[in-house]
There are 2 protein chains.
Amino acid sequence: MSGVTTGDLVLPDVRTRIADLAEYVAIPSVSLDSDPAAMRAAAQWVADRLTFAGSYLDETAGNPVVRAHWDGAPGAPTILVYGHYDVQPAGPADEWRTPPFELAVDGDVLRGRGVTDDKGPLFIVLEVARLFMEQEGRLPLNVKFLIEGEEEIGSPHLDEYVRSHVDDLACDLVISADGAMWRPTEPSVSVASKGLAELNVLVEGAATDLHSGRFGGTVANPIAALASLLASLHDRDGRVAVDGFYRGVRALTDQRRAEIAAVDFDDEAYRVQLGAPALAGEAGLSTLERLWERPTLEINGVQAGGQYTVIPHRAAAHLTCRLVHQQDPAAVTKAITEHLLKRAPVGVTVTVEPAHGVPAYAVDDDHPSIVAAEAALARVYPGQTVLHAVIAGTLPATWLFEDALGVKTLFFSFSTSDENLHAPNEFLRLHRIPEGIRAWEVLWRQLAGTLAGTLAGTVERRQS
Amino acid sequence: MSGVTTGDLVLPDVRTRIADLAEYVAIPSVSLDSDPAAMRAAAQWVADRLTFAGSYLDETAGNPVVRAHWDGAPGAPTILVYGHYDVQPAGPADEWRTPPFELAVDGDVLRGRGVTDDKGPLFIVLEVARLFMEQEGRLPLNVKFLIEGEEEIGSPHLDEYVRSHVDDLACDLVISADGAMWRPTEPSVSVASKGLAELNVLVEGAATDLHSGRFGGTVANPIAALASLLASLHDRDGRVAVDGFYRGVRALTDQRRAEIAAVDFDDEAYRVQLGAPALAGEAGLSTLERLWERPTLEINGVQAGGQYTVIPHRAAAHLTCRLVHQQDPAAVTKAITEHLLKRAPVGVTVTVEPAHGVPAYAVDDDHPSIVAAEAALARVYPGQTVLHAVIAGTLPATWLFEDALGVKTLFFSFSTSDENLHAPNEFLRLHRIPEGIRAWEVLWRQLAGTLAGTLAGTVERRQS
């Protein structure tokens, strides 16, 4: 149990640290533009703060990753901190109230591109490491860093990098400084994210578009055929009507329903926020139950014909499913494919092409990382219930770390999902910085004692 | 009964007349490009051949129309010859076997842009008029000409022109030199064309596209809603499932079924020609019955979302119906609108916007124009049955002439629908020229005797 101490770090006044963060925000490390000098400057800025851990830039086929490893706690568990130094493009300049690459302090918020995604949240981790080294000369546990520069463009080289550095990156837990708390009104910890199954449907009729007069009534219309196929995917109660779709989905327990029912959530405010005429979805379930606990099948796009009086010769649709629990992306794709092919109308050819699959991700409520995160959040948000939230989106990195390194990922970001991520006027609540530093401190101290001998001993490493 | 003679015109060898037609084809009167010099040159070329009838160019807001009026048969009926001097763009130059604007004689066919649509068929009328004037010094009946220059771009100024020249254009029958015989294997006369009802459907959900993970399961998907609406438009037997859609549609008589069954039509050859996996349509009807006698509802296009994992905020569809018999375009549009609005799923707003309507057109089998056309075709195609075909497309001009001038339109073109209209290598069968001249001669001679006292006396002029 080396590295555990009960003494708290002394935190500096956050306002004295803003200049340092401002320097980081000022580097326009927009991965979509990929200006090599800017990308490398941002990576170097991070590496410069991790020299105590032997930091270096490691090349990939794209932007370099920042790597570091502090291994001064023999016998203690090892965590891997994940984050990214790249940011989204600034977008329309005239919508920003202050220049995007000049960090502005505006009352209780900091404003600038990347300040909440992910420069501010990563800065919090760099600060906690710096303070530990300054005040205690060591960290409570062994810490590796993997900070990439392509998260905002879909991490095209992360998979290859991780899989070819499995031994270097070996750890007992990944902690992501990326992510966001669900909303500002209470602390939350993410216990699951949804998986993804993606497919393309193509319906083909005649060899070319046909004049709807000269040929109407003699051939099938591919759009009508596609519409009947798409309409067959859900029943009248909003459930997915594909045999086998729900295989692996656990029934909602009374306990989970009670937990979700206890969350203060205003359907009408949410509806107004989205601008929808009404909320909709599976009958018999609340909005949050549908969002967090249930898989979905969405039609994302249809391309077919145009404004002219033709019978188009093809109609294509793009579908994605968000998966939960033990649903298998490949099995879901297969079930949908069979459903569609079986219903192909006369006069058209139906082709279904699976495109992409990621399993759902979940960590048990009593996993040491969740217990430690709750303790850390309880310390900085005393008296508040910590929500067990679900990231209803898909986080391929969690699957990558589980598949390649055999470990769970804890999302521990002090960003909040309402802080204009990817939009103009991105901001970070100033108070999240000291809260985050204290929380990471408590998290590390606790994990140093609880993580060792649990994950380290039992996790089977799947090196594929 | 003035103007009727039993003597036949002496026809020149068609090959001696090709140079004249070649001059006309050489003028690149592409209305889509609208080079004013080329358009005017083509119009003038036509007008130059109608000087005996006092021809002149009359201005419109677009390309000029060619007008002429030979009124030297007092007491005889008056016909209005309709045609167009504009052509489609040549399209891909490398697909033409000979230059599009140089008339080529290739064995039994003439090749060049516009040679069958509509320069060759109009040339036939100019020839018959020329030969009558040369050999008999007069025409058998009074003839007006209205040759427009914007047919290939949808005749945007024809409606206004006709309605503001109702007295000038008064006649007992319109004969169109535009159109096409159904196929080369037998002569045919068109007794009907289908009407059109057109509408746009818009389904709207949330105010913006939403992330299908972060919001999936909480709001309706506009594409799924649109698919269910579109799928509800037909029943399992391929019939339109909209209440009131078939109002005004006459039952198929045994006689008409027998007529159609007697037509030599090869379903399999037709299927192969279209490249469709199978033919399809209303159960219990033959392909030609569906094509000629039944109204249709086609989905022409859908615009919604794309390839990304979003829940799109809108989905739009464009629909057109082809109408028959007494179906009222406005009533059909209303019935479909009500059908869709009644079925709007929860969570979306459905808007239906009618766009365009043209009633179906028909002329009775025993109308003097049909009887005369059959006699004319029997003369040049002896021993062959003249098919009563339906133009399954929509011809707004027929409705215009009926509505504004109160007269029927006879389609009497010697183009054939397989002659690459609107495509590269447009051609006209050479033998159609002398056949056409003879047929027009017989048609005019017969109408001079049968049309007078029928249409002239009974038609009610609806001037709107």
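Residues numbered from 1 in each chain as written. Chains lettered and ligands numbered in written order. Predicted model: local features only at pLDDT ≥ 70, side-chain atom pairs only at ≥ 80, totals over all residues.

### A closer look at the domain arrangement of chain A
- Parsing chain A into structural domains produces domain 1 (14-193 + 360-458) and domain 2 (195-249 + 295-358).
- Broken down by class, the residue content of the side of domain 1 of chain A that touches domain 2 of chain A amounts to four nonpolar, one polar and no charged. (Domains from an automatic or database assignment. Nonpolar A, V, L, I, M, F, W, Y, C, P; charged D, E, K, R; others polar.)

### Quick word on the interface of chain A and chain B
- At the junction of the two partners, chain A supplies 60 residues and chain B supplies 61 residues.
- Elements that contribute at least two residues to the side of chain A that touches chain B include exactly strand E10 (210-211), helix H5 (222-231), helix H8 (287-293), strand E11 (296-305), strand E12 (310-311) and strand E13 (314-323) of chain A.
- Grouping the amino acids of the side of chain A that touches chain B by side-chain chemistry returns 28 nonpolar, 26 polar and six charged.
- For E11 of chain A and strand E11 (residues 296-305) of chain B, the ladder comprises five bridges, and the chain directions are antiparallel. Pairing of Ala304 of chain A across the sheet is with Val302 of chain B, part of E11 of chain B. (Contact = placed C-beta atoms within 7 Å. Helix = DSSP H or I, 4+ residues; strand = E, 2+ residues; numbered from the N terminus. Pairing = 2+ DSSP bridges.)

### Observations regarding helix H2 (residues 36-48) of chain A
Residues and elements named next belong to chain A.
- Taking 1.5 Å of rise per residue, the 13 residues of H2 would be expected to cover 18 Å, and the 18 Å separating its terminal C-alpha atoms lies within 8% of that figure.
- Burial in H2 covers these residues: Ala38, Met39, Ala42, Ala43, Val46 and Ala47.
- Those residues of H2 that are buried are in contact with strand E1 (56-58), strand E2 (65-70) and strand E6 (142-148). (Expected span 1.5 Å × (residues − 1). Buried ≥ 20, exposed ≤ 12 C-beta atoms within 10 Å, placed from the backbone.)

### Looking at the packing of helix H3 (residues 115-136) of chain A against helix H12 (residues 432-450) of chain A
Residue and element names in this part refer to chain A.
- Axis separation between H3 and H12 bottoms out at 9 Å; the angle between their running directions is 50°. By the angle class used here, H3 and H12 are oblique. Crossing hand, H3 versus H12: right-handed. Taken together, the residues of H12 that come into contact with H3 (itself represented by Gly120, Pro121, Ile124, Val125, Glu127 and Val128) are Ile433, Gly436, Ile437, Trp440 and Glu441.
- Here the residues of the contact of H3 with H12 are counted per class, giving seven nonpolar, two polar and two charged. (Axes fitted to C-alpha atoms, helices over the stretch in contact; angles between N-to-C directions. Parallel < 35°, antiparallel > 145°, perpendicular 65-115°, else oblique. Left-handed = near helix turned anticlockwise from the far one by under 90°.)

### Concerning the relation of the copies chain A and chain B
- Expressed as a screw transformation, the operator carrying chain A onto chain B has a rotation angle of 180° and an axial translation of 0.1 Å, and the superposed copies differ by an RMSD of 0.2 Å. Between the two chains, the operation in question is that of a two-fold axis. When C-alpha distances to the rotation axis are compared across chain A, the minimum falls at Ala227 of chain A, with a value of 2.2 Å.
- Interface residue correspondence from chain A to chain B reaches 100%, placing this contact among same-surface, isologous pairings. (Least-squares fit on C-alpha atoms with pLDDT ≥ 70 in both.)

### A closer look at the pairing of strand E9 (residues 195-204) of chain A
Residue and element names in this part refer to chain A.
- Of all 10 residues making up E9, eight are buried, and the element is well covered by its neighbours.
- Where E9 and E13 come together, 10 bridges link them in antiparallel fashion. By the bridge assignment for E13, Ala197 is matched with Cys321.
- Note that E9 and strand E14 (residues 349-358) share nine bridges and pair antiparallel. Along E14, the bridge assignment pairs Val203 with Val350.

### Considering the environment of Ala389 of chain A
- Tracing the backbone shows Ala389 of chain A in strand E16 (residues 387-391).
- Linking Ala389 of chain A and Asn300 of chain A, residues 89 residues apart in sequence, is a C-alpha distance of 25 Å.

### A short note on the sheet that holds E1 of chain A
All names here are of chain A.
- Within the open sheet, the six strands sit side by side as E1-E2-E6-E3-E7-E17. Their pairing is mixed. Of all strands in the sheet, those bounded by a partner on one side alone are E1 and strand E17 (409-411). On average, each strand axis in the sheet is tilted by 25° relative to the strand beside it, whichever way the strands run.
- Bridge count between strand E3 (residues 78-84) and strand E7 (residues 173-176): four bridges; the pairing is parallel. Within the sheet, the bridge partner assigned to Tyr82 lies in E7 and is Ser176.
- Along the sheet, H2 contacts E1, E2 and E6; its crossing angle with E1, the most-contacted strand, is approximately 140°.

### What to know about unusual backbone geometry
- Here the bond from Asp117 of chain A into Asp118 of chain A is cis, since omega is 10°, no more than 30 degrees from zero.
- Structurally, Asp118 of chain A can be placed in helix H3.
- Of note, His325 of chain A is a non-glycine position whose phi angle comes to about 50°, a positive value.
- Along the chain, His325 of chain A falls in the loop between E13 and helix H9 (329-342).
- Residue Ser34 of chain B is not a glycine yet carries a positive backbone phi of 50°.
- Considering the arrangement of structural elements, one finds Ser34 of chain B in the loop between helix H1 (18-25) and helix H2 (36-48).
- Given 15 C-beta atoms within 10 Å, Ser34 of chain B falls into the partly exposed group.

### Focus on the packing of helix H10 (residues 368-380) of chain B against helix H12 (residues 432-450) of chain B
All names here are of chain B.
- Contact pair H10 / H12: the axes reach a minimum separation of 8 Å and the direction vectors enclose 140°. Pair H10 / H12 crosses with right-handed handedness. Contacts between H10 and H12 involve Pro368, Val371, Ala372, Ala373, Ala375, Ala376, Leu377, Arg379 and Val380 from the first element and Glu435, Arg438, Ala439, Val442, Leu443, Gln446, Leu447 and Thr450 from the second.
- Residue composition of the contact of H10 with H12, grouped by class: 12 nonpolar, two polar and three charged.

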